[in-house]
Amino acid sequence: MKFARKRVAAVAAAVLVTTLALAGCADTGGSGGESGGGDGGGSDNLAITFLPKSLGNPYFDTSSAGGKAAVDELGGTFAEVGPAESTPDAQVSYINTATQQGVGALVVSANDPKAICDALDEARDAGVKVVTFDSDTNPECRDLFVNQATAEGIAKAQIDLIAEQIGDAGEIAIVSATANATNQNAWIDIMKELLASDHPNIQLVDVVYGDDDEQISFDKTAALLQSHPNLKGIISPTTIGISAAARYLSTSDYKGKVALTGLGTPNQMREYVEDGTVTAFALWNPEDLGYLAAYASAALISGDITGAEGDTFEAGKLGEFTVGADATVLLGDPYVFDKDNIGDFDF
């Protein structure tokens, strides 16, 4: 089924009411009090620490804003900590520190599915609830995974968009985040399957990794276009990657000739949609993702849920959610942004 360009109802409505003030979001000290002041495992310990892949990423600034809003509603204490770069084991020291502080829950977007598992296991042994969001660990390393959308839905949205933009034929490439990113690799694997089964005239000629670094992603985009002169399209399933690729294309001879789509935020991509560099791209609401992850953490802390399939919990303004297979909670489907609707959003 063709991915709907105009998804409406709850997802769009939830995004429309969001106007973020992101400054100061990525602090390491928490808000409303110091993070960690209780013993891990307490049913009333609502000290919730967010650990994104890296700090300074607008996507995670937005998800943390949602997490903080939820924690404030719950009467808990919020903190965000994290490394400057998205390397596989860079998050370990932050997990260890949060464990020593006795936080109630850790909300983690994993840079690697395995590298942080030992540290997370120690945290859980100490009574800390572990919720992954955006990018999962191996399932046995956490209590719950809050997924933005199904991997199949995210992959299909991007393939449908690039196929439409290049006439369903020609060479494309992918500018991904880090080589070990769980979510990126899952999406790319499904994209390859979809291309083989549904789009035989599109050839994926290269996958490169920008390490969720703006300049590296910019340089990788330039190198791709030099290496593949017949390239018709680029998919970048990472917010830093797509904006860096758009920045390169916007001032190059490839503007309007090489299509670009992927996952980005409206505020990052607005100028590139308005100037014709990008036709359309997709994303869920990262603020809602962080908000949901915080409420899921609180439900685990309080004992309202255990992560068992069929468990239900309330997530504030987002309503009720049900835990699915493999202790996974699903936010919803992606939303497609284009010149007709991007002006309606501010995040």
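Scope of this entry: the structure provided in the associated data block.

Reading guide: rules and limits
Residues numbered from 1 in each chain as written. Predicted model: local features only at pLDDT ≥ 70, side-chain atom pairs only at ≥ 80, totals over all residues. Heavy atoms only, no water. 1 Å grid on protein atoms, 1.4 Å probe; cavity = no way out; pocket = protein on both sides within 12 Å on 5 of 7 lines; lining within 4 Å. Points joined across faces, edges and corners; volume = space filled by probe spheres on them. Helix = DSSP H or I, 4+ residues; strand = E, 2+ residues; numbered from the N terminus. Nonpolar A, V, L, I, M, F, W, Y, C, P; charged D, E, K, R; others polar. Disulfide = S-S within 2.5 Å. Buried < 20%, exposed > 50% of the residue type's maximum accessible area, 1.4 Å probe, protein only. Axes fitted to C-alpha atoms, helices over the stretch in contact; angles between N-to-C directions. Parallel < 35°, antiparallel > 145°, perpendicular 65-115°, else oblique. Left-handed = near helix turned anticlockwise from the far one by under 90°. Contact = heavy atoms within 4.5 Å. Salt bridge = Lys/Arg side-chain N within 4 Å of Asp/Glu carboxyl O. Patch = residues over 30% accessible without salt bridge, like charges linked within 9 Å, V, L, I, M, F, W, Y side chains within 5 Å. Areas by Shrake-Rupley, 256 points an atom, 1.4 Å probe, with all protein chains shown as cover. Lys, Arg positive; Asp, Glu negative; His and termini not counted. Charge placed at Lys NZ, Arg CZ, Asp CG, Glu CD.

Things to note about the layout of surface pockets
Inference 1: The calculated volume of the largest pocket comes to roughly 310 Å³.
Inference 2: Lining the largest pocket we find 21 residues, and of these Glu-85, Ser-86, Asp-211, Asp-212 and Asp-213 sit closest to its centre.
Inference 3: Counting residues per element, the ones that place at least two in the lining of the largest pocket are helix H7 (214–227) and helix H8 (239–250).
Inference 4: The residue inventory of the lining of the largest pocket, partitioned by class, reads seven nonpolar, nine polar and five charged.

A few points about the state of the cysteines
Inference 1: This model, assessed by the stated rule, comprises one disulfide.
Inference 2: The partner cysteine of Cys-117 in its disulfide is Cys-141, sulfur to sulfur 1.9 Å. Taking the torsion about the sulfur-sulfur bond, which here is approximately 100°, the covalent link between Cys-117 and Cys-141 counts as right-handed. Here Cys-117 is found in helix H4 (residues 117–125), whereas its partner Cys-141 is found in the loop between strand S4 (129–133) and strand S5 (144–147), with 24 residues between them in sequence.
Inference 3: Of the residues examined, Cys-117 reaches a relative accessible area of 7% and is grouped as buried.
Inference 4: Classification of Cys-141 as buried rests on a relative accessible area of 3%.

A few points about the packing of H7 against H8
Helix-helix packing is characterised by the crossing angle of the two axes and by the distance between the axes.
Inference 1: Running from amino to carboxyl end, H7 crosses H8 at an angle of 55°, the nearest separation of the two axes being 8 Å. One element, H7, and the other, H8, form an angle in the oblique class. Every pair of crossing elements has a handedness; the one defined by H7 and H8 is right-handed. Contacts from Glu-214, Gln-215, Ser-217, Phe-218, Thr-221, Ala-222 and Leu-225 in H7 reach Ile-240, Gly-241, Ala-244, Ala-245, Arg-247, Tyr-248 and Leu-249 in H8.
Inference 2: Along the lines of polarity and charge, the residues of the contact of H7 with H8 split into eight nonpolar, four polar and two charged.

A closer look at the pattern of salt bridges
Inference 1: Here the structure, examined in full by the defined rule, presents six salt bridges.
Inference 2: For Asp-72, the salt bridge identified is with Lys-68, shortest N-O distance 2.8 Å. Placement of the pair is Asp-72 and Lys-68 together in helix H2 (residues 58–74), with a separation of four residues, close to one helical turn.
Inference 3: Since its relative accessible area comes to 39%, Asp-72 is described here as partly exposed.
Inference 4: Among the ionic pairs, Arg-247 bridges to Glu-214, the shortest N-O distance being 2.8 Å. One end of the pair, Arg-247, is in helix H8; the other, Glu-214, is in helix H7, and 33 residues separate them in sequence.

Here's the deal with a negative patch on the surface
Inference 1: Residues Glu-85, Asp-211, Asp-213 and Asp-219 make up a contiguous surface patch of negative charge.
Inference 2: By the element assignment, Asp-213 lies in the loop between strand S7 (202–209) and H7.
Inference 3: On the basis of relative accessible area, Asp-213 is assigned to the partly exposed category, the value being 32%.

These values are about where atoms sit, not about what they do.
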